[in-house]
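What follows is the residue order along each chain.
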Amino acid sequence: DASGGVRLWIVAKGIVGANSIEIHNTNGTLAAGSFHISNALNAYATVLGTTFGMGEAGRFQIDNTSNAQPALYGKTTGTGNAGLFEINNASSPGTAVYGLTTGTGVAGRFEITNPGNSFVAVYGVTNGTGDAGRFLISNTSNSRPAVYGFTSGTGEVGRFEISNISNPNSAVYGITSGTGYGVY
């Protein structure tokens with residue numbers, strides 16, 4: 001092109017039941033594809049997937065049961081988020097981040113490893129009319145608490161505060177259909 005760089009255009013017309021482009025690395029030990037932007041002023045994504053169809057715009061899948069690596073890994077040395085998931089449709093009932101496991105591990109984990117970080121590991125805010133957070137155990141045989149707080153520090157395990165001076169409700173409300181106390 002005019003800047004002296006090389007521009008490669010690939011136009012692939014798909015055949016029904018087949019992928020338009022496939023790249024395979026059958027003998028090597030490196031990635032099947034690698035994409036880089038070396039211009040520090042370039043504000044565009046290195047890889048962009050867009051669909052006007054009914055499928056996902058991107059899918060990452062590991063088909064090796066011995067592989068313990070994440071299917072998708074995001075990392076930044078900049079000051080922005082390592083991941084951002086956004087629903088840009090006001091009528092969408094979908095979830096921006098959804099974790100599901102059929103294995104024996106947790107479905108979601110948020111951890112801060114920097115001892116100088118004073119922020120919370122999980123922060124929920126809503127401008128809607130629903131709860132900012134909700135925890136539910138749907139297994140009737142589960143005897144564990146729906147929320148468990150533990151600290152090795154010097155602060156409280158829990159704090160509940162109402163900042164609206166017009167709010168007539170209690171800061172903690174407990175109710176039970178069982179034989180124990182609502183709040184103990």
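The shown structure was predicted, so the numbers you read here are calculated from the model rather than taken from an experiment.

Parameters and conventions
- Residues numbered from 1 in each chain as written.
- Predicted model: local features only at pLDDT ≥ 70, side-chain atom pairs only at ≥ 80, totals over all residues.
- Heavy atoms only, no water.
- Phe/Tyr/Trp six-rings, centres within 6.5 Å; stacked < 30°, edge-to-face > 60°.
- 1 Å grid on protein atoms, 1.4 Å probe; cavity = no way out; pocket = protein on both sides within 12 Å on 5 of 7 lines; lining within 4 Å.
- Points joined across faces, edges and corners; volume = space filled by probe spheres on them.
- Nonpolar A, V, L, I, M, F, W, Y, C, P; charged D, E, K, R; others polar.

1. Points about the packing of aromatic side chains
- Scanning all chains against the criterion turns up one aromatic pair.
- Each ring, one from tyrosine 181 and one from tyrosine 184, has its centre 5.4 Å from the other, and the planes form 25 degrees; the classification is stacked.

2. Let's talk about the layout of surface pockets
- Counted as a void, the largest pocket has a volume near 3,000 Å³.
- What lines the largest pocket is a set of 46 residues, and nearest its centre among them are Val47, Leu48, Arg59, Phe60 and Leu72.
- Looking at the lining of the largest pocket, its residues break down into 23 nonpolar, 17 polar and six charged.
- The calculated volume of the second largest pocket comes to roughly 1,900 Å³.
- The wall of the second largest pocket is formed by 34 residues, among which Val97, Ala107, Gly108, Arg109 and Phe110 lie closest to the centre.
- By residue class, the composition of the lining of the second largest pocket is 17 nonpolar, 13 polar and four charged.

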